[in-house]
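# Secondary and tertiary structure notes
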Amino acid sequence: MLRVGVMVSGGGTNLQAILDAVDAKKITNAEIAVVISNNPNAYALERAKNHGIDAVCISPKEFDSREAFNEAFLAKVDEYNLDLIVLAGFLVKIPAAMIEKYEHRIINIHPSLIPSFCGVGYYGLKVHEAALARGVKVTGATVHFVDSGMDTGPIILQKAVEVQEGDTPEVLQRRVMEQAEWVLLPQAIDMIANERII
Ligand code: GAR
């Protein structure tokens, strides 16, 4: 049984998609051991609690330095003996020591077709604002392994989503979530749990 930790910062709709997929047995051989947020107000923490899953908040604001936070964050993650760390809308930079220790065991969902609209400054709604400003006709989502760069690790899954006339960033974000993110992230976890990744 793969022990999975999900890292979140906000609403947690991707977390919900994972929890639903576990319940529906679309993800097998995996259990969600913990949900960790940097944001005490993240609704994702409520979603975890409602599911009887440990919901932990650890915020950089509680620490005197980034180094102190990074150390405590890694220690907290280590407590759960995780096989896989899933970044599901987690907006904190993963410490280098964690990337090294959990090499090939951290995955991230990004709301564009990498390498478009990714890297520093591209997160959440900003990604969709940039896609609309550029006038792309197709966007999508990507699940990838996390390496030391920003959105640069090996790609696991991608799915394209059409941009439609009159889309606002919010409308496009919702379509990318529904058609791509909530499908791809559970699928990637199931693939890893069942060793179908090459
Ligand atoms: C999702 O769209 C996710 O792809 C994005 O944040 C949102 C979180 O929503 N992540 C990034 O932009 C990472 N660069 P959620 O909390 O409802 O799952």
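Each remark here, short or long, concerns the structure printed above.
Everything numeric in this text was worked out from a predicted model, so none of it was measured.

Glancing now at the site of the ligand. In the vicinity of the ligand lie 14 residues, with Gly-12, Thr-13, Asn-14, Gly-124 and Glu-181 positioned nearest. The separation between an oxygen atom of the ligand and a polar main-chain atom of Gly-12 is 2.7 Å. Within the backbone of Gly-124, an N or O atom sits 2.8 Å from an oxygen atom of the ligand. When isolated, the ligand has an accessible area of 450 Å², and the protein chains bury 90% of it. One can see that the ligand is located within the largest pocket.

The description of two aromatic rings rests on the distance between their centres and on the angle between their planes. In the structure shown here, the tally under the stated rule is four aromatic pairs. Every member of this aromatic cluster is reached through a ring pair, and the members are Phe-63, Phe-69, Phe-73 and Phe-90.

A separate point is the pairing of strand 2 (residues 30-37). Taken residue by residue, a regular strand's side chains alternate between the two faces of the sheet. Of all eight residues that make up strand 2, seven are buried, and the element is covered over most of its length. Pairing analysis gives seven bridges linking strand 1 (residues 2-8) to strand 2, with the strands arranged parallel. Bridge pairing links Val-8 to Ser-37 in strand 2. Each parallel crossover has a hand, and the one from strand 1 via helix 1 (residues 13-23) to strand 2 is right-handed. Of the pairings in the sheet, the one linking strand 2 to strand 3 (residues 54-57) comprises four bridges and is parallel in character. The residue of strand 3 that forms the bridge with Val-34 is Asp-54. With helix 2 (residues 43-50) bridging strand 2 and its parallel neighbour strand 3, the resulting β-α-β unit is right-handed.

The rules behind the values
- Residues numbered from 1 in each chain as written.
- Predicted model: local features only at pLDDT ≥ 70, side-chain atom pairs only at ≥ 80, totals over all residues.
- Heavy atoms only, no water.
- Near = heavy atom within 4 Å.
- Polar contact = N/O pair within 3.5 Å; in protein donor to acceptor, adjacent residues only side chain to side chain.
- Areas by Shrake-Rupley, 256 points an atom, 1.4 Å probe, with all protein chains shown as cover.
- 1 Å grid on protein atoms, 1.4 Å probe; cavity = no way out; pocket = protein on both sides within 12 Å on 5 of 7 lines; lining within 4 Å.
- Sits in = over half its atoms within 2 Å of the grid points.
- Phe/Tyr/Trp six-rings, centres within 6.5 Å; stacked < 30°, edge-to-face > 60°.
- Buried < 20%, exposed > 50% of the residue type's maximum accessible area, 1.4 Å probe, protein only.
- Helix = DSSP H or I, 4+ residues; strand = E, 2+ residues; numbered from the N terminus.
- Pairing = 2+ DSSP bridges.
- Right-handed = clockwise from strand over helix to strand, strands pointing away.

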